Amino acid sequence: MDKPTRMYWLDGARLAAAFCIIALHSSADHVGQAFADALPGERVFPVMLRTVSEIASTEYFILVSLFLLAVRMNGKSLSYTENVKQQIRRLLVPFVAWTVFYAFFRLYKAHHLGYTDSMWAEITQWQSWAYYLTLGWSNYHMHFLPTLFVLVLFYPLYRLAIKAPVIGLCVIPLIYLNSMFGGFIWRTFDDIMVIESWMRVAKLLTYTGYGFVAYALYGIWQSGLDRRTSNSLFGFALLALVIGFLIKLVHASEVIQTGNFGIRGGAVYMGHFLFPCFMVLAFMGSQYFRWPEKLSQWSKYSFGMYLLHPAFLYLLEVALYERELSPTALVLTKFTFAATMSLCTSVAISRIPWLAWTIGLGTIPLLEKSKGKPPVGVTAGVATR
């Protein structure tokens, strides 16, 4: 059988990223913890949902986005400067818009939960805006865009892995270094903002490993895998994921008993950050599976779902704040509402030309109107076709 012409597996990977991120953020209580006041038995479902959703974490979203970058740039002759300008328009301009939105939207939750004064005090300080715009601190998910932008800057180095996929293995020592740097930074500094800043520097340098993995996988895919080889890769990736998931279950059992997410270490830490690599490999190995063609119609909204879902979680958390719901009922309600509303809202925004660019669809008014280019579907600022 000929090699599939459409990467439906990649569409599936993108949707998995969106829904898993929403599930991950829905699995905690209203203060972002593991339902410490609940009984261990009541924590089972939220913790297990979190454990499953972590198989497609933020790092996985980054890896998929960098793979899409490799696809998009294949055969293109744009200069480095031109590529950087494109990523500024596709990543940083929407980032600034959403930063402003979430900086003030959080006041809604603050007003209803009684901490409006402290939130206003934060917003009115210029230092806060400096951290919003550099670390993505306007909301818990906004770090993704500036992080991805910086990682994209290293793409000339990632290209080495296309011809020599073995370079992708450097992700293993880089993940270990990230853990080592993190421990050193927390032991050395006391100021939380200094700690966060240096932690971000360490993350940006070590997360380049995901760029090498993305381009290595692209090089393998580009070589033209036959059905048998693809199935073998899928089987290998699935085995690795099963072993990794068993390791995560050990950590999950501790969280269920203690009600504290704790700190990952050792095999749990390495397994968590290597999981995204095997996830993408598994999806790539499934390229000959019968993926639904309609995935290509829905996957373009995955970036919008990522950006929008915290707003709907805030709305629901306020609505349910004084309701007596079990952890399971609360988590299910949050996930269902946030996933549904973020998808529907993304579809609606995509049909508004002057707003579509905010979720990675279409072009930015004024900046690109004169170019006369048709809208291009993007996820995390990277074209899908």
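Please read all numbers here as calculations on a predicted model, not as lab measurements.

Structural notes on the overall build of the protein chain
In step 1: When you go through the protein chain residue by residue, the secondary structure sums to 17 helices and 2 strands.
In step 2: Its C-alpha atoms give the protein chain a radius of gyration of 21 Å, within 12% of the compact-globule value 21 Å for 385 residues.
In step 3: Along the first, second and third principal axes, the C-alpha set of the protein chain runs to 60 × 50 × 45 Å.
In step 4: Among the 385 residues that make up the protein chain, the fraction classed as buried is 51%.
In step 5: A fraction of 81% describes how many contacts in the protein chain between residues 6 or more apart in sequence connect residues 24 or more apart.

Here we look at empty space enclosed by the protein
In step 1: Overall, the coordinates contain 1 cavity of 30 Å³ or more when judged by the stated rule.
In step 2: One number sums up the size of the largest cavity: a volume of about 30 Å³.
In step 3: If you go around the largest cavity, the residues you meet are Ser-27, Ala-34, Phe-35, Arg-43, Pro-46, Val-47 and Phe-261.

Overview of the pattern of salt bridges
In step 1: With the rule as written, the count across this model stands at 7 salt bridges.
In step 2: Between Arg-50 and Glu-54 there is a salt bridge, and its shortest N-O distance comes to 3.9 Å. Judged on exposure class, the residue Arg-50 and its partner Glu-54 are both buried.
In step 3: Ionic contacts of the salt-bridge type, sharing partners, join the residues Arg-50, Glu-54, Lys-248 and Arg-264 into one network.

Structural notes on helix 10 (residues 171–188)
In step 1: With 18 residues, helix 10 extends 25 Å between its outermost C-alpha atoms, agreeing within 8% with the 26 Å of an ideal straight helix rising 1.5 Å per residue.
In step 2: Looking at helix 10, one finds that the buried residues are Val-171, Leu-174, Ile-175, Asn-178, Gly-182 and Ile-185. All buried residues of helix 10 project into a common sector of 100 degrees when viewed along the axis, lining one side. Residues of helix 10 that are exposed and point more than 90 degrees away from the buried face comprise Tyr-176 and Arg-187.
In step 3: Along its buried surface, helix 10 packs onto helix 11 (192–206), helix 12 (208–222) and helix 14 (266–285).

Structural notes on a nonpolar patch on the surface
In step 1: The grouping of Val-96, Val-100, Phe-104, Trp-120 and Leu-133 at the surface amounts to a nonpolar patch, some 420 Å² of accessible area in total.
In step 2: With 3 residues, helix 4 (residues 80–113) is the largest single contributor of residues to the nonpolar patch.
In step 3: Relative to the helices and strands, Leu-133 is located in helix 6 (residues 126–135).
In step 4: Of the residues examined, Leu-133 reaches a relative accessible area of 41% and is grouped as partly exposed.

Re the nonpolar core
In step 1: Of all hydrophobic cores here, the largest spans 86 residues; its most connected members are Tyr-60, Leu-66, Phe-67, Tyr-210 and Tyr-215.
In step 2: Setting aside anything within four residues of it in sequence, one finds Tyr-215 in contact with Leu-66, Leu-69, Ala-70, Met-73, Tyr-155, Tyr-158, Arg-159, Ala-161 and Ile-162.

A closer look at helix 17 (residues 327–350)
In step 1: Its 24 residues give helix 17 an end-to-end C-alpha distance of 34 Å, which sits within 8% of 34 Å, the value for a rise of 1.5 Å per residue.
In step 2: Looking only at helix 17, the buried set comprises Pro-327, Leu-330, Val-331, Lys-334, Ala-338, Ala-339, Ser-342, Leu-343, Ser-346, Val-347 and Ile-349.
In step 3: Where the residues of helix 17 are buried, they touch helix 1 (8–26), helix 2 (40–53), helix 15 (295–298) and helix 16 (302–319).

So, the environment of Thr-336
In step 1: With respect to the element layout, Thr-336 can be found in helix 17.
In step 2: Thr-336 gets classed as partly exposed once you look at its relative accessible area, which sits at 45%.
In step 3: Of the polar contacts made by the side chain of Thr-336, one reaches the backbone oxygen of Leu-332; its length is 2.8 Å.

Points about the confidence of the model for the protein chain
Regions with low pLDDT should not have their predicted coordinates read in detail.
In step 1: When the pLDDT values of the protein chain are averaged, the result is 89; 93% of them are 70 or greater.
In step 2: The least confident element of the protein chain is strand 2 (residues 382–383), whose mean pLDDT is 37; the most confident is helix 17, at 96.
In step 3: Between residues 372–385, whose pLDDT stays under 50, and residues either more than four places distant or in other chains, the model counts 47 contacts.

Parameters and conventions
- Residues numbered from 1 in each chain as written.
- Predicted model: local features only at pLDDT ≥ 70, side-chain atom pairs only at ≥ 80, totals over all residues.
- Heavy atoms only, no water.
- Helix = DSSP H or I, 4+ residues; strand = E, 2+ residues; numbered from the N terminus.
- Rg over C-alpha atoms; globule rule 2.2 N^0.38 Å.
- Buried < 20%, exposed > 50% of the residue type's maximum accessible area, 1.4 Å probe, protein only.
- Contact = heavy atoms within 4.5 Å.
- 1 Å grid on protein atoms, 1.4 Å probe; cavity = no way out; pocket = protein on both sides within 12 Å on 5 of 7 lines; lining within 4 Å.
- Points joined across faces, edges and corners; volume = space filled by probe spheres on them.
- Salt bridge = Lys/Arg side-chain N within 4 Å of Asp/Glu carboxyl O.
- Expected span 1.5 Å × (residues − 1).
- Arc of directions from axis to C-beta.
- Patch = residues over 30% accessible without salt bridge, like charges linked within 9 Å, V, L, I, M, F, W, Y side chains within 5 Å.
- Areas by Shrake-Rupley, 256 points an atom, 1.4 Å probe, with all protein chains shown as cover.
- Core = buried A, V, L, I, M, F, W, Y, C linked by side-chain atoms within 4.5 Å.
- Polar contact = N/O pair within 3.5 Å; in protein donor to acceptor, adjacent residues only side chain to side chain.
- pLDDT = per-residue confidence, 0-100.

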